[in-house]
Amino acid sequence: MSRWARAAITRLFPLLVLVRRVYRLTFRPVTVGVRAMIVHEDHLLLVRQHGRSEWEMPGGAAGRGESLRQAAVREAREETGVEVVAERLLGMYSAMIDGMTNHIAVYVCRPARDSRALPPLPLNIEIAEACYWPLDALPPVSDRHIQRRIAEYESGGSGFDGT
């Protein structure tokens, strides 16, 4: 990606996030989203959005007519460039953000190919970078629940507690 394109996206994305926040506060939608917990060996694949310093699991909204599993696989590919296999549903969670109710399905995924090497990140207005991190040495994360999801994953459990 050219330096100019990266700079433009880095400046534009926070503005789009602000517009989305105003929409959510005004209309208070109910959405269904997904997160892909992509685990390879003892590492977790996380993404960082343009203009942010925190990392998070790839994810987003499920499309019309798309299953939650399909949405998790698609979001992982779009945000990281990695083809994944969604192995199991870790859990369903709810988040109340800016007046919006968001129901989130978290899928445990693995890369379709056995490699931690990431392909070049496609031009993406949302994601600045993707990186594998050791499960016991994560960077600053924006989702305070990531540690709980990791604990559920490591214990073989699942979560349906609404948080």
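What follows covers the overall build of the protein chain. Looking only at helices and strands, the protein chain features three helices and seven strands. Start at the N end of the protein chain and walk to the C end: the helices and strands fall as α-β-β-β-β-α-β-β-β-α. A compact globule built from 163 residues would reach a C-alpha radius of gyration of about 15 Å, and the protein chain, at 16 Å, matches this within 12%. For the protein chain, the spread of C-alpha atoms along the principal axes amounts to about 40 × 35 × 30 Å. Per-residue burial for the protein chain yields a buried fraction of 39% across its 163 residues. Pairs at least 24 residues apart make up 68% of the contacts formed inside the protein chain by residues separated by at least 6 positions. Surface exposure of the protein chain reaches about 9,000 Å², of which carbon and sulfur atoms provide 55%. Taking the average location of the 21 positive side-chain charges in the protein chain and that of its 19 negative ones, the two points are 6 Å from each other.

The next thing to look at is helix H2 (residues 68–80). Compared with the 18 Å implied by 1.5 Å per residue over 13 residues, the 18 Å span of H2 between its first and last C-alpha is a close match. Three or more residues of H2 are buried, namely Ala71, Ala72, Val73, Arg74, Glu75, Ala76, Glu79 and Thr80. Check the buried side of H2 and you find it contacts strand S1 (30–40), strand S2 (43–49), strand S4 (59–61), strand S5 (84–97), strand S6 (100–111) and strand S7 (127–134).

As a further point, take the confidence of the model for the protein chain. Low-pLDDT portions of the prediction should not be read for the details of their coordinates. On average, residues of the protein chain score 87 in pLDDT, and 97% of them are at 70 or above. Mean pLDDT across the elements of the protein chain ranges from a minimum in helix H1 (residues 3–27), with 81, to a maximum in H2, with 96.

Moving on to the side chain of Glu75. Considering the arrangement of structural elements, one finds Glu75 in helix H2. Those residues within four positions of Glu75 in sequence are excluded, and the remaining contacts are Val34, Pro58, Gly59, Gly60 and Ala61.

As a further point, take the environment of His50. Position of His50 relative to the elements: it lies in the loop between S2 and strand S3 (55–56). Spatially, the C-alpha atom of His50 lies 9.2 Å from that of Asn124, the residues being 74 residues apart in sequence.

What follows concerns the environment of Arg77. By secondary structure assignment, the location of Arg77 is in helix H2. You can call Arg77 partly exposed: its relative accessible area is 35%. Each C-alpha atom of the pair Arg77 and Arg110 lies 12 Å from the other, and the pair is 33 residues apart in sequence. When residues no more than four places from it in sequence are discounted, the contact partners of Arg77 are Val82 and Glu83.

Scoring rules and cut-offs
Residues numbered from 1 in each chain as written. Predicted model: local features only at pLDDT ≥ 70, side-chain atom pairs only at ≥ 80, totals over all residues. Heavy atoms only, no water. Helix = DSSP H or I, 4+ residues; strand = E, 2+ residues; numbered from the N terminus. Rg over C-alpha atoms; globule rule 2.2 N^0.38 Å. Buried < 20%, exposed > 50% of the residue type's maximum accessible area, 1.4 Å probe, protein only. Contact = heavy atoms within 4.5 Å. Areas by Shrake-Rupley, 256 points an atom, 1.4 Å probe, with all protein chains shown as cover. Lys, Arg positive; Asp, Glu negative; His and termini not counted. Charge placed at Lys NZ, Arg CZ, Asp CG, Glu CD. Expected span 1.5 Å × (residues − 1). pLDDT = per-residue confidence, 0-100.

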